[in-house]
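Residues per chain, in single letters:
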Amino acid sequence: MGGSKMSETKPARTSLWRNVRLATLREDFGPLGVIEKGAVAVHDGRIAFAGAESDLPANLTRADQVVDCESRWMTPALIDCHTHIVHGGNRAREFQLRLEGASYEEIARAGGGIVSTVKATNALSVDELVQAALPRLDALLSESVSTVEIKSGYGLNIEAELKMLRAARQLQNLRPVRIVTSYLAAHATPPEYKGRNADYIADVVLPGLTKAHAEGLVDAVDGFCEGIAFSPAEIALVFNKAKALGLPVKLHAEQLSDLGGAKLAASYGALSADHLEYLDPEGAAVMAKAGTVAVLLPGAFYTLRETQLPPVGALRAAGTRIAIATDCNPGTSPLTSLLLTMNMSATLFRLTLEECLAGVTREAAGALGILKETGTIEAGKFADLALWNIDAPAELIYRIGFNPLHERIFKGERIPR
């Protein structure tokens, strides 16, 4: 596509990207919302115009900064709407043991599994958790990611859960990124509460949520509804508290069995229900009616060698919105690439090109409750954009282990690679 004609990175009140092919992801513009000869004008970090360059208002042609994109493709910046990137340690040794034939139970008896991550996370300070998370965050940002959801859930006591959320908040002070936090104390039951889920919820989850909310650390409340975690009735206790505090909810549901977690989440108007391999058609329909986004996580499916595919056909038939995410975590999805996530979603789950790209932009924004602010290229939204060295959007999904990002733009600022 030729050499870059882009000027030196600098702040500018008004910027114009011209001679660009846009995949706006606006649904009213047809598949991918494509505009072949487009322009994007930005003022004070928000999009003032996005459309055909021939329609650009005259006053926006006189920008402080004009960028000739040389017919490159521009999409919304990517959004990772489900991660656990704040944690201590890793579980590479367990991965090795599984390859050598060790069972999950054998690994757990040896102190592995989530218990090992909880122990490693509790051993770190807030600053140490931040430093541990930065390489994972930087890997995501290198692929144009503008927004990352980060969950707690590896502390399993009040102070450790707060510590994880404080670390998550600090990350957006160190990098040009938007961090959305989810309180996930109802992730697992610590050993000292084994067989006493109700006591753990009463002693830790609910009072911890009150403290986290008072400190401004929580954007949404999550839980894990599964036979090995919490029942729908137990999750309802957590959601009732969230509702009382005015916080939206989301849920890990139907990953290993169908307990009706997605239906429960939808009954609370949840932003999303995630995993969903065992979701039934009725659950998909209930989610669609509630506007609850289905977040599919191919990294966990791949790592766990699952065979039960999520019911993509039922989701499509119901009109349920579909997002995809890395589920970056140390045990079941050590994945820090949304580009690879798109490829896996297409290859493993048979999602279409548009479903994959919308799944990490428009629908991911919906899963976080921020679609009014970002996720598509249209006037009024933040200028969170990605400029790619590609000939067609399909390349973003087709290639494996290749990053064609030319430039990342966050809130109108050009971020050096």
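What counts and how
- Residues numbered from 1 in each chain as written.
- Predicted model: local features only at pLDDT ≥ 70, side-chain atom pairs only at ≥ 80, totals over all residues.
- Heavy atoms only, no water.
- Pairing = 2+ DSSP bridges.
- Helix = DSSP H or I, 4+ residues; strand = E, 2+ residues; numbered from the N terminus.
- Contact = heavy atoms within 4.5 Å.
- Axes fitted to C-alpha atoms, helices over the stretch in contact; angles between N-to-C directions.
- Parallel < 35°, antiparallel > 145°, perpendicular 65-115°, else oblique.
- Left-handed = near helix turned anticlockwise from the far one by under 90°.
- Nonpolar A, V, L, I, M, F, W, Y, C, P; charged D, E, K, R; others polar.
- pLDDT = per-residue confidence, 0-100.
- UniProt positions renumbered as here; feature names shortened; annotations may be inferred.
- Buried < 20%, exposed > 50% of the residue type's maximum accessible area, 1.4 Å probe, protein only.
- Polar contact = N/O pair within 3.5 Å; in protein donor to acceptor, adjacent residues only side chain to side chain.

Peer 1: Could you give me a rundown of the sheet that holds strand β13 (residues 322–324), with the residues and numbers involved?
Peer 2: Pairing within the open sheet is parallel, and its eight strands lie in the order β6-β7-β8-β9-β10-β11-β12-β13. Because the sheet does not close on itself, it has two edges, and the strands there are β6 (79–80) and β13. The pairing of strand β10 (residues 250–253) with strand β11 (residues 272–275) spans four bridges and is parallel. Bridge pairing links L251 to A273 in β11. In the packing of helix α6 (residues 197–214) onto the sheet, contacts are made with β8 (178–186) and β9 (220–225), and the angle to β8 comes to roughly 155 degrees.

Peer 1: Which residues make up the pairing of strand β5 (residues 73–76), and what are the values?
Peer 2: The side chains of a regular strand alternate, residue by residue, between the two faces of the sheet. Pairing of strand β1 (residues 14–23) with β5 involves two bridges; the strand directions are parallel. Paired with L22 across the strands is M74, a residue of β5. One ladder, built from four bridges, connects β5 with strand β14 (residues 385–388); its direction is antiparallel. Bridge pairing in β14 links T75 to A386.

Peer 1: Which residues make up the packing of α6 against helix α7 (residues 232–245), and what values go with them?
Peer 2: Their axes nearest at 10 Å, the elements α6 and α7 cross at an angle of 20 degrees. Looking at the two axes, α6 sits roughly parallel to α7. At the point where α6 passes α7, the crossing takes the right-handed sense. On the side of α6, the interface is formed by N197, A198, I201, V205, L206, L209, T210 and H213, while α7 contributes E234, L237, V238, K241, A242 and L245. Grouping the amino acids of the contact of α6 with α7 by side-chain chemistry returns nine nonpolar, three polar and two charged.

Peer 1: Give a detailed account of the confidence of the model for the protein chain, specifying residues and quantitative values.
Peer 2: Averaged over all residues, the pLDDT of the protein chain is 95; the fraction at 70 or higher stands at 96%. Within the model, pLDDT remains below 50 along residues 1–8, and this stretch shows 27 contacts once partners closer than five positions in the same chain are excluded.

Peer 1: Describe the environment of A386, listing the residues and the values that go with them.
Peer 2: Residue position: A386 is located in strand β14. It is 6.0 Å that separates the C-alpha atoms of A386 and E407, two residues lying 21 residues apart in sequence. Contacts of A386, omitting those with residues within four sequence positions, involve W73, M74, T75, P76, A77, S144, L405 and E407.

Peer 1: Which residues make up the UniProt feature "binding site: Zn(2+)" (unreviewed entry) in the protein chain, and what are the values?
Peer 2: UniProt's feature table lists "binding site: Zn(2+)" (unreviewed entry) at H82, H84, H252 and D327, given in the numbering used throughout. These annotated residues cover 246 residues of sequence, but their C-alpha atoms sit close together, with the largest distance between any two at 12.5 Å. Here H252 is to be found in strand β10. A relative accessible area of 4% means that H252 is categorised as buried. Not counting chain neighbours up to four residues away, the residues in contact with H252 comprise H82, H84, K151, L184, D222, G223, F224, C225, D274 and H275. Reaching out from H252, the side chain makes a polar contact with the side chain of H82 at a distance of 3.3 Å.

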